[in-house]
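Listed below are the residues making up each chain.
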Number of protein chains: 4
Amino acid sequence: MEEKNNLKTAILGATGLVGQRFLQLLDGHPWFDVTTVTGSDRTVGGLYGDTVQWRLESPPNRKIANLTIHATVPDNVDADIVFSALPTAQSLKIEEEFAEAGYPVVSNSAAHRMESDVPLMNPEVNFSHLSIIDEQRRKRKWDGAIVTNPNCTTAVLTLSLKPIAENFGLKSVVMSSMQAASGAGYPGVASLDIIDNIIPFIFEEEEKVQRETRKILGRVNQSSNVKVSASCHRVPVIDGHTEAVFVETVKAATPEEIASSMTEFKAEPQTLKLPTAPEQPVVVRSEQDRPQPRFDRSEGKGMSVVVGRIRSDSVFDGVKYAAIGHNTVRGAAGCAVLIAESMKSQGYI
Amino acid sequence: MEEKNNLKTAILGATGLVGQRFLQLLDGHPWFDVTTVTGSDRTVGGLYGDTVQWRLESPPNRKIANLTIHATVPDNVDADIVFSALPTAQSLKIEEEFAEAGYPVVSNSAAHRMESDVPLMNPEVNFSHLSIIDEQRRKRKWDGAIVTNPNCTTAVLTLSLKPIAENFGLKSVVMSSMQAASGAGYPGVASLDIIDNIIPFIFEEEEKVQRETRKILGRVNQSSNVKVSASCHRVPVIDGHTEAVFVETVKAATPEEIASSMTEFKAEPQTLKLPTAPEQPVVVRSEQDRPQPRFDRSEGKGMSVVVGRIRSDSVFDGVKYAAIGHNTVRGAAGCAVLIAESMKSQGYI
Amino acid sequence: MEEKNNLKTAILGATGLVGQRFLQLLDGHPWFDVTTVTGSDRTVGGLYGDTVQWRLESPPNRKIANLTIHATVPDNVDADIVFSALPTAQSLKIEEEFAEAGYPVVSNSAAHRMESDVPLMNPEVNFSHLSIIDEQRRKRKWDGAIVTNPNCTTAVLTLSLKPIAENFGLKSVVMSSMQAASGAGYPGVASLDIIDNIIPFIFEEEEKVQRETRKILGRVNQSSNVKVSASCHRVPVIDGHTEAVFVETVKAATPEEIASSMTEFKAEPQTLKLPTAPEQPVVVRSEQDRPQPRFDRSEGKGMSVVVGRIRSDSVFDGVKYAAIGHNTVRGAAGCAVLIAESMKSQGYI
Amino acid sequence: MEEKNNLKTAILGATGLVGQRFLQLLDGHPWFDVTTVTGSDRTVGGLYGDTVQWRLESPPNRKIANLTIHATVPDNVDADIVFSALPTAQSLKIEEEFAEAGYPVVSNSAAHRMESDVPLMNPEVNFSHLSIIDEQRRKRKWDGAIVTNPNCTTAVLTLSLKPIAENFGLKSVVMSSMQAASGAGYPGVASLDIIDNIIPFIFEEEEKVQRETRKILGRVNQSSNVKVSASCHRVPVIDGHTEAVFVETVKAATPEEIASSMTEFKAEPQTLKLPTAPEQPVVVRSEQDRPQPRFDRSEGKGMSVVVGRIRSDSVFDGVKYAAIGHNTVRGAAGCAVLIAESMKSQGYI
């Protein structure tokens, strides 16, 4: 029998695409009960259901639709856990205000990710980084916390790399992404820019992937020294980022050994049976033409990364493979929820 | 004043997508006058215009539409130059029959590309390989010739790499492609497979790119020892292949130096002012979000490769960049026509 | 508590797109247990899971994957109910062989639809047509039965029209469709034909819509005399047909009255609580820009038709509106399953 | 030999998508020489080439790129003819200011279209409406003029209807459109709204089509009393509106007679050989699956309407057919240029 904790939960910036995904994922969640949604000045006071331009398949449930939108200030919020889907520009200051007011904040924004006393977490990859919260509380003298999930592309990449890092070691990673339109939010990418087209540029994305990957794959106090090079591209796909990954390993590894390490990979979220943890974090497919975003993005309810075409590389001593993950689930809201579950499991909430 | 040579020209396999592109490109050509089209048994005897499922924007001209389709046998053809758009399986034997019968054959098929006495040519990159024809004629004891153009992805890649190879030397190349649907012919890719989707696999494509790139960048008798690794993907784009390229150079080079080497690059086809040679083989764009296939695939009438986002790499001592080229023009029929023009300029036709 | 009947069920032509949808819909069905799948000669003897090119999101379950594919002949089948997903050309004769051998056959093919002693059924629209089976058995002297579901476009159209017909009467219907690619099967529509394009033609579709609509809306022995004109178009959408419908009614009706009649509409499948019957057969949305196929095609698990933009017409005394339905669920396999449930409820199975 | 008039030409609102199309169409125009471009306050003072987010295939020529953007006020403009690509909200007042200042203004905006003393022109359809300018000048006491082109959908529809109206008379028209994304401007339609989707609503479009069609098909002082009903839909197509048209004629007409009337149709712009007039205003195709926007939108350089599938209707005494036209050429900038040429030919400029 699932215990029912009913932790009061707030979503900051709930009307955007990531905010919507938070609400969808938390619908029926055994621990987190959304009781507060916040929005921009323009939307404050309205009912969520009347205000949001809902862009996901199933509409918000009646309870959520009837929540009144509050301003994004700590005094207006009564919650045990706060998820931030704020734009980066606003999140820097507002998230600190919430942490100072004692709230544990799990943020999808890039603002705090690279600060040394802020955990940047992909729970199956670096669960131990939770302990950075203790340091943060000491240094910042607050009772709350700021914990961040990675950039969507990084979340998919690092989860696929973790079994390799653990078993064979990583020297270099070259990654070329084909990213879904939903990663740019709504309205986001204009149809005139992407129908019958590819855009070989996403603002600051490559820099984020390169630095976040090293932080996540590193130890608590030290980034990994794996070399990472990313090239990021937008493609005409709704959901699901595809990544072509070329890896140089420390120890020699055959494609079969890499595949086994991925298939067998489990981490703390699986051991602890956290509600949002997928049974199989990395799913390896053997068909010659998989993974594909339309068919594989919902694997593990969007929390698994699907890998295929693992083959020897001809430039590196290592392998190349294709990986797919759901960019607004594993790559954003789902990852944040799993972080919050991890925090609760370790007594940080 | 353009000289008008009126060389009689045959297109083998003229009803397919590459055959159609040959006819479109040769419409109004100053030297090559299409007088014969061949097709499969099912189509022989019909008028071209009644038989073809034309899939390009402007329909074939009246003269072409009224050509009768012949069987693909040397005796049925009266031509000074033969272009082959045959499927690989058929081309192996048929192209040899035509060469034995004395025809110069320029082929878009993969069948003969890797044979040591067959030139595999991207004219601006390895014009000197034309001399392999002499060796071929000696060894095979025929008066005709077989010359091949590269795989579409390789054609784009090698043209973008040539200025770097010449000025700074190449050690390693990692390339991830986003390839247009037209590369798979017609009907080719099913819409159910590619709408809202990416297919991370194209049959034998990566192997072709890796081996053909080394042959083209090599000397007449010796492949280059540059290491090449490719990952090939199909995307929902009609025409134009996009390539994310990571390059390790022998000599250090800044992105600006690489850009200059590309912008300044000219080769024999430009010097000889061959009719199909683009004025600028490699066009470098400075916008942060170009090149894009829909907007750049027609540059130089589809014969130029457009490069952008040249930046320092963080894995290799070198650069990374995005390149776009028209897969059925520079990557197929257009390249073949430029090869034929090159052959004529050197007296091989 | 659901009774569990475990009727043995066969799918004829199980490897195609509609066959796949049958298997997906019957997964976990309370009455129908798929025990036999048949396929073309090429596939007979293989395991279903190894043979099928599965094109739906979630893969077939293990039990289905392990079924051996049989030839499509009555002697090879042991079943209480047979669903036919055969191509029209083959279905004409084969379905009769099965009916003669005593099987009740529910067919998605067009072959028998217009025969006067074969029910053409959209269960909420013409449940009473089941009685035609008695006439069929008498005339054809067999114990089995052939019952057919409509063409996909007709299924959506007639369900949306039924509440209007019942309450206000129908004089004329003009319908322009925007049909999904999955309606053409797999591989079906080439991506080169439909990316950045519309095809204003679907073979025999308009004729089917016009005649099937009159049969379904008619009485057991007499087609309706409503005038119907259809124009059918293929659009770059995966699943879900959109229809622009212009209706001339017998009695005057405001858009609000039409909307109410649709919202309140229930029929025998709802009263009988048949397992596949949607709670609400016609869902009316009030947003100005709905229904949309991507967001509404899964309403009622794909069995509801979603209608919106009901407004007065300026040519007809009547209304115009937009309707969406899932073409391979309500428009094919789902409709057939609902027909079989209807047959069972009335003792025909 | 073309005469070269070199009329100084201004484009108001030149940076938007229609403004860009004006510049592209006027590049090399024998009469109109663009010397002034205007833009919003934010852009004034910048060079056009540095400011515009160019969204068409070939970039603006060097002369245009180097024009300085002016404020949209009459005093800042020195021109013989003014084209307005202003948003509707701004155009109402600004276009009147220009007309009062003596400029002939041809506007793509909806603001003035339905005013009785403003010609709403599709030149091949209602050339005689030019005489309304005389009335306008008398009533409004100005030397300038405001003349408007129709809404894009109406431009395509009315051109296809004109030969029918002329030869057989029109009673009713039912039209269902499938409209390209470029009709919504840039950024316009979000990719998340239109990939794998249809939007069955375009703000005020149906009302525009219904009233503009009657005005254009009417006499100088009296709208036509043809009944028109439109249903408008957005589809994932870049350029080219597709329309399914059902027509009730006054006199009986076979599809062949309708086709002949269209093929033979010529009007004043053809007789006067106006530079932008297509040789064949309505092109009839006989293939069963044409017209299609990707293949037919450039017919007559985007100024022809392509019609196909003319067949008898089963609701109306009349026909149904599919029509395609380029929405930003015939449906916007191209139509406006042809209007200006018509005005010049009759001495209004």
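Anything mentioned here points back to the structure above.
Now for a description of the structure that goes with this document. Predicted model only: the values in this text are computed from it and were never measured. For every chain, the first residue of its written sequence is number 1, and the numbers climb from 1 along that sequence. Working convention: letters from A go to chains and numbers from 1 go to ligands, in the order in which they are written. Per-residue local features of the predicted model are confined to residues with pLDDT of at least 70, and side-chain atom pairs are confined, for both listing and counting, to 80 or more; whole-chain, interface and lining totals are unaffected and use all residues. In computing side-chain properties, one takes all heavy atoms of the structure into account and sets aside hydrogens as well as water.

Considerations on the overall build of chain A
Scanning chain A from N- to C-terminus turns up 13 helices and 12 strands. For 349 residues, the compact-globule formula gives about 20 Å, and the C-alpha radius of gyration of chain A, at 19 Å, lands near that figure. With the C-alpha coordinates of chain A rotated into their principal frame, the extents come out at 60 × 50 × 40 Å. Type-normalised accessible area, obtained with a 1.4 Å probe on protein chains alone, sets the label of each residue: buried when under 20%, exposed when over 50%, and partly exposed for intermediate values. Per-residue burial for chain A yields a buried fraction of 65% across its 349 residues. Residue pairs at least 24 apart in sequence account for 75% of intrachain contacts in chain A once pairs closer than 6 positions are excluded. Using a 1.4 Å probe, accessible areas were evaluated by the Shrake-Rupley method; residue-level cover was limited to the displayed protein chains. Summed over all atoms, the accessible surface of chain A reaches about 12300 Å², with 46% contributed by carbon and sulfur. Looking at charge distribution, chain A has the averaged site of its 36 positive side-chain charges lying 1 Å from that of its 43 negative ones. Per the convention used, a helix needs a DSSP run of H or I reaching at least four residues, while a strand needs a run of E reaching at least two, with both numbered from the N terminus. The globule rule used for comparison is 2.2 Å times the number of residues to the exponent 0.38, while the radius of gyration itself is calculated over C-alpha atoms. In this analysis, two residues are considered to be in contact whenever any of their non-hydrogen atoms come within 4.5 Å of each other. Note that His is not counted, nor are the chain ends; the positive residues are Lys and Arg, and the negative ones are Asp and Glu. Charge positions are represented by NZ for Lys, CZ for Arg, CG for Asp and CD for Glu.

Some details on the packing of helix α7 (residues 152–168) of chain A against helix α10 (residues 255–264) of chain A
Residues and elements named next belong to chain A. Fitted lines through C-alpha atoms serve as axes, helices being fitted only where they are in contact, and the angles separating the N-to-C directions of these axes extend from 0 to 180 degrees. It is at 9 Å that the axes of α7 and α10 come closest, and there the two elements cross at 115°. Put simply, α7 runs roughly perpendicular to α10. Here α7 and α10 pass one another in a crossing that is right-handed. Of α10, the residues touching α7 (which contributes S160, P163, I164, N167 and F168) are E257, I258, S261 and M262. Under the scheme applied, nonpolar residues are Ala, Val, Leu, Ile, Met, Phe, Trp, Tyr, Cys and Pro; charged residues are Asp, Glu, Lys and Arg; polar residues are all the others, including Gly. Its residues assigned to classes, the contact of α7 with α10 comprises five nonpolar, three polar and one charged. When describing relative orientation, an angle under 35 degrees is termed roughly parallel and one over 145 degrees roughly antiparallel, while 65 to 115 degrees is termed roughly perpendicular and anything else oblique. When the near helix sits turned anticlockwise from the far one by under a right angle, the crossing is termed left-handed; a clockwise turn instead gives a right-handed crossing.

Examining empty space enclosed by the protein
A cavity here means a set of points on a 1 Å grid, drawn over the protein atoms and nothing else, where a 1.4 Å probe fits but cannot get out; a pocket is an open set with protein on both sides within 12 Å along at least five of seven lines, and a residue lines either one if it has an atom within 4 Å of a point. Grid points are joined across faces, edges and corners, and a volume is the space filled by probe spheres set on the points. In the structure shown here, the tally under the stated rule is five cavities of 30 Å³ or more. Counted as a void, the largest cavity has a volume near 170 Å³. I195 of chain A, I195 of chain B, I195 and P236 of chain C together with I195 of chain D are the residues nearest the centre of the largest cavity, which is lined by 13 residues in total. The residue inventory of the lining of the largest cavity, partitioned by class, reads nine nonpolar, no polar and four charged.

Brief notes about the interface of chain C and chain D
On the side of chain D, 50 residues touch chain C, which itself brings 50 residues to the contact. Salt bridges are defined by distance alone: a side-chain nitrogen of Lys or Arg within 4 Å of a carboxyl oxygen of Asp or Glu. Put simply, chain C and chain D have six salt bridges between them. With its nearest N and O atoms 2.9 Å apart, the salt bridge here joins R297 of chain D to D196 of chain C. Counting of polar contacts relies on pairs of N or O atoms within 3.5 Å, with two restrictions inside protein: one atom must be capable of donating a hydrogen and the other of accepting it, and residues adjacent in sequence are counted only when both atoms are side-chain atoms. Between chain C and chain D we count 33 residue pairs in polar contact (both at pLDDT 80 or more) in total. Of all the elements in the fold, those that place two or more residues in the side of chain C that touches chain D are β7 (170–179), α8 (191–194), α9 (205–217), β8 (227–234), β9 (241–249), α12 (293–296), β11 (305–312) and β12 (318–325) of chain C. Here the side of chain C that touches chain D is composed, by residue class, of 26 nonpolar, 11 polar and 13 charged.

Looking at the relation of the copies chain C and chain D
Copy one and copy two of the chain differ by a rotation about an axis and a translation along that axis. With an RMSD of 0.0 Å, the operation that places chain C on chain D is a rotation of 180° combined with a shift of 0.0 Å along the axis. Within this description, the copies of the chain are treated as partners about a two-fold rotation axis. The superposition of copies rests on a least-squares fit of C-alpha positions from residues with pLDDT of 70 or more in both.

Examining the pairing of strand β8 (residues 227–234) of chain A
Residues and elements named next belong to chain A. Within β8, seven of the eight residues are buried, which leaves it mostly tucked inside the rest of the structure. Here strand β7 (residues 170–179) runs beside β8; their pairing, made up of eight bridges, is parallel. Looking across to β8, one finds that M178 is bridged to H233. Strand pairing follows a simple DSSP-based rule, namely that at least 2 bridges must link the two strands.

Some details on the sheet that holds strand β8 (residues 227–234) of chain D
Residues and elements named next belong to chain D. One open sheet accounts for six strands, arranged β8-β7-β9-β12-β11-β10; its pairing is mixed. Edge strands, defined here as strands with exactly one partner in the open sheet, are β8 and β10 (282–284). The mean angle between the axes of side-by-side strands here comes to 25°, regardless of whether they run parallel or antiparallel.

Concerning the interface of chain A and chain B
Taken together, the contact between chain A and chain B spans 50 residues of the former and 50 residues of the latter. Two parts placed together each lose some accessible area under a 1.4 Å probe, and the buried area is that loss summed for both. Roughly 3800 Å² of surface becomes buried between chain A and chain B when both sides are summed, with 55% attributable to carbon and sulfur atoms. Here chain A and chain B share six salt bridges between them. For R311 of chain B, the salt bridge is made with E206 of chain A, and the minimal N-O distance between the two is 2.9 Å. When contributions to the side of chain A that touches chain B are tallied by element, the ones reaching two or more residues are β7, α8 (191–194), α9 (205–217), β8, β9 (241–249), α12 (293–296), β11 (305–312) and β12 (318–325) of chain A. Looking at the side of chain A that touches chain B, the element that brings in the most residues is β8 of chain A, giving seven residues. By residue class, the composition of the side of chain A that touches chain B is 26 nonpolar, 11 polar and 13 charged.

Thoughts on unusual backbone geometry
Leaving glycine out, the prevailing phi sign among residues is negative, and the prevailing peptide bond configuration is trans. Across the junction of Y186 of chain B and P187 of chain B, the peptide omega takes the value 5°, indicating a cis bond. Checked against the element boundaries, P187 of chain B lands in the loop between β7 (170–179) and α8 (191–194). Even without a glycine there, the phi angle at D196 of chain A is positive, about 55°. Structurally, D196 of chain A is set in the loop between α8 and α9. Despite not being glycine, K141 of chain D has its phi angle at roughly 55°, a positive value. Of note, K141 of chain D is situated in the loop between α6 (132–140) and β6 (145–148).

Describing the sheet that holds strand β6 (residues 145–148) of chain C
Residues and elements named next belong to chain C. The strand order across the open sheet formed by six strands is β3-β2-β1-β4-β5-β6, and the pairing between neighbours is parallel. With partners counted over all chains shown, the strands left at the sheet margins are β3 (69–70) and β6, one partner each. In this sheet, β3 lies alongside strand β2 (residues 32–38) in parallel orientation, the contact comprising two bridges. Across the sheet, the residue bridging to T38 is H70, located in β3.

Regarding α7 of chain A
All names here are of chain A. To estimate how far a helix should extend, the number of its residues minus one is multiplied by 1.5 Å. Its 17 residues give α7 an end-to-end C-alpha distance of 25 Å, which sits within 8% of 24 Å, the value for a rise of 1.5 Å per residue. Bend at a residue means the angle formed by two fitted axes: the first through the 7 residues ending at that position, the second through the 7 residues beginning there. In α7, a bend of some 35° at L161 exceeds every other bend along the element, and P163, a proline, comes one to four places later. Between the side-chain oxygen at the start of α7 and the backbone nitrogen of T153 there is a gap of 2.9 Å, and the oxygen is on N151. The positive-phi residue at the C-terminal boundary of α7 is G169, with phi of around 80°.

Looking at the environment of V283 of chain B
Residue and element names in this part refer to chain B. Along the polypeptide, V283 turns up in strand β10 (residues 282–284). Considered as a pair, V283 and L217 are 66 residues apart in the sequence and their alpha carbons are 20 Å apart. Setting aside anything within four residues of it in sequence, one finds V283 in contact with E299, S304, V305, V306 and V307.

As for the pattern of salt bridges
According to the stated counting rule, one finds 68 salt bridges over all chains in the structure shown. Salt-bridge contacts for D239 of chain C lead to R21 of chain C; the nearest nitrogen and oxygen are separated by 3.5 Å. Taken together, the residues D239 of chain C in the loop between β8 and β9 and R21 of chain C in helix α1 (residues 17–26) connect sequence positions 218 residues apart. The pair D239 of chain C / R21 of chain C is uniform in exposure class, with both members buried. For E166 of chain C, the salt bridge is made with K162 of chain C, and the minimal N-O distance between the two is 4.0 Å. Taken together, the residues E166 of chain C and K162 of chain C, both in helix α7 (residues 152–168) and four residues apart, mark about one turn of the helix. Among the charged side chains, a salt-bridge network with shared partners connects E96, E115, D117 and R140 of chain A.

Functional significance is not addressed by these values, which are geometric in nature.
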